[in-house]
Amino acid sequence: MEFKQLKSIFENNDSFLITTHVNPDADAIGSETAVYYILKKLGKHVFIINYSPLPYNLTFLDPENKIETYSSEKHDKLFNDVDVLICVDFNRSDRIVTMQPAFVSSNKIKVCIDHHQDPENFVDFPFIDDSYCATGEIIYDFIKKTGIISLDKNISEAIYAAIMTDTGSFRFERTSSNIHIIAAELLSFGVIPGEVYDKIYERGKFSRIKLLGSALASMKLYGKDDGLCYMVITQNTFGETKAEEFDTDGFVNFALSVEGVKIGMMFVELKEGFKVSFRSKGSIPVNKLAAEFDGGGHVNASGARFHIKNINEMLPIILSAAEKYLKL
Ligand code: 5GP
Ligand code: MN
C-alpha cells in the first residue's frame, strides 16, 4: 500500500472529517479514534461524524467525547469545509446511509482506509486491502511503516480493540502469528487485554441478555443436513426486552455454533426495513450470498439491508438462495 501517499495527505492538509459505517463495531470506532489521535498529534483540526450513535460499550474508545452523531442541518456544510474526508472500515458509500449525499457531493479530497472485499470506486485515495484482519491493523502498519507518530497507550488501545474484535478475540482464520506479535507490542504500551474484553463484551445490559434469550428461542434449522441455522428478531422483541439494534452484535455466532451448521443467519427487523447477518464456516462465501441482495462483507461474515419491512415475505427467498451455498 502507498502509505507514503497517505502520510503526505495527513501532513499537507489542515482539517479532516472521519466517518465510519452504520451500526459501528469496535474496528470502526477504534480505527476512527486511532486516526483521530494521529491527526491530533500532527496538530490538525479533526471531526468524527457518524450516522449511528456510539454504542454504549464502545464509549471508552472516545474518552474526549469527540464522536458526533450526524444531523443534516448541523453537519452537511462541514463536508465542504474540511480539506479531507476519511472513511474507515467500509468501502461503499451506501454504508453511511443518509450521510451519503453530503459525502458524494463534496468536492474535497476523499480517502478510504478499509479491509473489506469488492470496494466501490467512491474515493480519490483508496487504501484498501482485504488481506488485513482489521482496519485497525492497516492503521498500525501505516504508523510503523511511515513513523508518522509514535504509538502511545490511547492509540494502542484503540488498535487493540479493533483487532481483538475483528479476529473474534484472536480465533478467526486470519489470526496469524504476526497479529499476535502486533498485539504483544500494543500490550507493551499498557493495554490490558482483560480490561478491553471486559469493557466491550462483559458489561452488557440486562436487556441485551433478555434479547439474546428471545433470539436463541427463535432459532430454526434449515436445508440439506440441517446445515443452516437462523434466528429472527422482531421489533416486538425489541419492545418487550427494551433492547436496541446494536445489542444484537455477535448473536449470529450462536447460530453457527451448532454442530453440523455451516451457515448461520440472523434476521433483524428494523424500524425502516430489516437486516440480515450471514456467517459461515470454511470456504463458504457468504459475501457472495449477501451480494445477491446488494449487501457485502467478508467470506465468512457478511450482511445486507432491506428496505421492505416484511421479513416473512423475503425469508423463504433468502433461505433458498443460501441453500445453494451449503452444497458448495
Ligand atoms: P454484521 O453482520 O456484523 O452486521 O456485518 C458483518 C460484515 O458484513 C461486516 O464486515 C460488514 O461490513 C458487512 N456488512 C454488513 N451489512 C452490510 C451491508 O448492508 N452492505 C455491505 N456492503 N456490507 C455489509
Ligand atoms: Mn473491520
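Residues numbered from 1 in each chain as written. Chains lettered and ligands numbered in written order. Predicted model: local features only at pLDDT ≥ 70, side-chain atom pairs only at ≥ 80, totals over all residues. Heavy atoms only, no water.

1. Thoughts on the coordination of the manganese ion (ligand 2)
Piece 1. Summarising the metal site, the manganese ion (ligand 2) is bound by the protein donors Asp 27 (OD), Asp 89 (OD), His 115 (NE2) and Asp 166 (OD), whose distances to it range over 2.1 to 2.4 Å.
Piece 2. In the primary sequence, the donor residues of the manganese ion (ligand 2) line up as D-x61-D-x25-H-x50-D. Residue Asp 27 is located in helix H2 (residues 26-41), and its partner Asp 166 is located in helix H7 (residues 153-166); the two are separated by 139 residues in the primary sequence. An identical accessibility class is assigned to Asp 27 and Asp 166; each is buried. (Donors = N, O, S within 2.8 Å, 3.2 Å for Na, K, Ca; no water. Helix = DSSP H or I, 4+ residues; strand = E, 2+ residues; numbered from the N terminus. Buried < 20%, exposed > 50% of the residue type's maximum accessible area, 1.4 Å probe, protein only.)

2. Considerations on the site of ligand 1
Piece 1. Taken together, 15 residues lie near ligand 1, and Arg 95, His 116, Ser 277, Arg 279 and Ser 302 sit nearest.
Piece 2. Arg 95 is positioned such that a nitrogen or oxygen atom in its side chain is 3.2 Å from an oxygen atom of ligand 1.
Piece 3. One nitrogen or oxygen atom from the main chain of Gly 303 is found 3.3 Å from an oxygen atom belonging to ligand 1.
Piece 4. Here ligand 1 has 490 Å² of accessible area as a free molecule, and 82% of this is covered by the chains.
Piece 5. Secondary structure elements with two or more residues in the shell around ligand 1: strand E10 (273-280), strand E11 (296-297) and strand E12 (301-306).
Piece 6. Looking at the shell around ligand 1 residue by residue, the classes come out as two nonpolar, eight polar and five charged.
Piece 7. Residues from two domains meet in the shell around ligand 1; each of domain 1 (4-201) and domain 2 (206-325) gives at least three. (Near = heavy atom within 4 Å. Polar contact = N/O pair within 3.5 Å; in protein donor to acceptor, adjacent residues only side chain to side chain. Areas by Shrake-Rupley, 256 points an atom, 1.4 Å probe, with all protein chains shown as cover. Nonpolar A, V, L, I, M, F, W, Y, C, P; charged D, E, K, R; others polar. Domains from an automatic or database assignment.)

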